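Chain residues, written in single-letter form:
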Amino acid sequence: MPSITIYHNPACGTSRNTLALIRNSGEEPEVIEYLKTPPRREKLVALIAAMGVPVRSILRKKGTPYDELDLDDPKWTDDQLIDFMLQHPILINRPIVVTPLGTRLCRPSEAVLDILSTPQTGPFAKEDGEPVIDAQGRRVTKP
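Here's a quick rundown of the structure. Just so it is clear, the structure is predicted and the values come from calculations on it, not from any experiment. (Residues numbered from 1 in each chain as written. Predicted model: local features only at pLDDT ≥ 70, side-chain atom pairs only at ≥ 80, totals over all residues. Heavy atoms only, no water.)

Some remarks on helix H2 (residues 41–51)
Every buried residue of H2 is accounted for by Leu-44, Leu-47, Ile-48 and Met-51. End-on view of H2: buried residues confined to an arc of 95°, all on one side of the axis. Of the exposed residues in H2, those oriented more than 90 degrees away from the buried face are Glu-42 and Ala-49. Those residues of H2 that are buried lie in contact with strand E1 (5–8), helix H3 (78–87), strand E3 (96–99) and strand E4 (102–105). At the C-terminal side of H2, Gly-52 shows a positive phi close to 70°. (Buried < 20%, exposed > 50% of the residue type's maximum accessible area, 1.4 Å probe, protein only. Helix = DSSP H or I, 4+ residues; strand = E, 2+ residues; numbered from the N terminus. Arc of directions from axis to C-beta. Contact = heavy atoms within 4.5 Å.)

What to know about the pattern of salt bridges
Counted under the stated rule, the structure contains 10 salt bridges. As a salt-bridge pair, Arg-41 and Asp-83 come within 1.9 Å of each other at their nearest N and O atoms. In this pair, Arg-41 sits in helix H2 while Asp-83 sits in helix H3, placing the two residues 42 residues apart along the sequence. For Arg-41, a relative accessible area of 28% gives the class partly exposed. We note a salt bridge from Lys-126 to Glu-130, for which the minimum N-O separation is 3.6 Å. According to the relative accessible area criterion, Lys-126 is buried, its value standing at 13%. Note on Glu-130: relative accessible area 23%, which makes it partly exposed. A network of salt bridges, in which partner residues are shared, links Arg-41, Asp-79 and Asp-83. (Salt bridge = Lys/Arg side-chain N within 4 Å of Asp/Glu carboxyl O.)

Some words on the environment of Val-31
Structurally, the position occupied by Val-31 is in strand E2 (residues 30–33). In sequence terms Val-31 and Ile-4 are 27 residues apart; their C-alpha atoms lie 8.7 Å from each other. For Val-31, the residues in contact, after removing those within four places along its chain, are Ile-6, His-8, Leu-19 and Arg-23.

Overview of the packing of H2 against H3
Remark: H2 packs on H3, axes separated minimally by 11 Å, with the N-to-C direction vectors making an angle of 120°. Viewed along their axes, H2 and H3 adopt a mutual orientation that is oblique. Relative to H3, the crossing made by H2 is right-handed. Between H2 and H3, the residues in contact are Arg-41, Leu-44, Val-45 and Ile-48 and Asp-79, Ile-82, Asp-83, Met-85 and Leu-86, respectively. (Axes fitted to C-alpha atoms, helices over the stretch in contact; angles between N-to-C directions. Parallel < 35°, antiparallel > 145°, perpendicular 65-115°, else oblique. Left-handed = near helix turned anticlockwise from the far one by under 90°.)

Structure below.
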């Protein structure tokens, strides 16, 4: 059983980069395409709790019914926002990664490096060419 799980959208560049960084550490995660297999309420609540973030912080706005559902309105409770995410899984921001070191919304994709227990095995650049890991497997720092 994999020790890492990624809630993944293969159409999302950030999600693809995050998955590639996990694999660059030598790990093969459990990949859950959450648009095809959305988490149940209990799992979504547990993920949010494990991240220790407000429910609103994992709502995705771009390319979703966020505006038409008026989800920016503070009248919506956390339970109601979770209901919306369950009805419209595209509202769940991605990728969410679960490892033995923690659970995190990995935006930007290199945020996953903070919760991976195994080092990177070699160089890595994002799909857009931005270097993230150097040839020695170390994180590239931005100037």
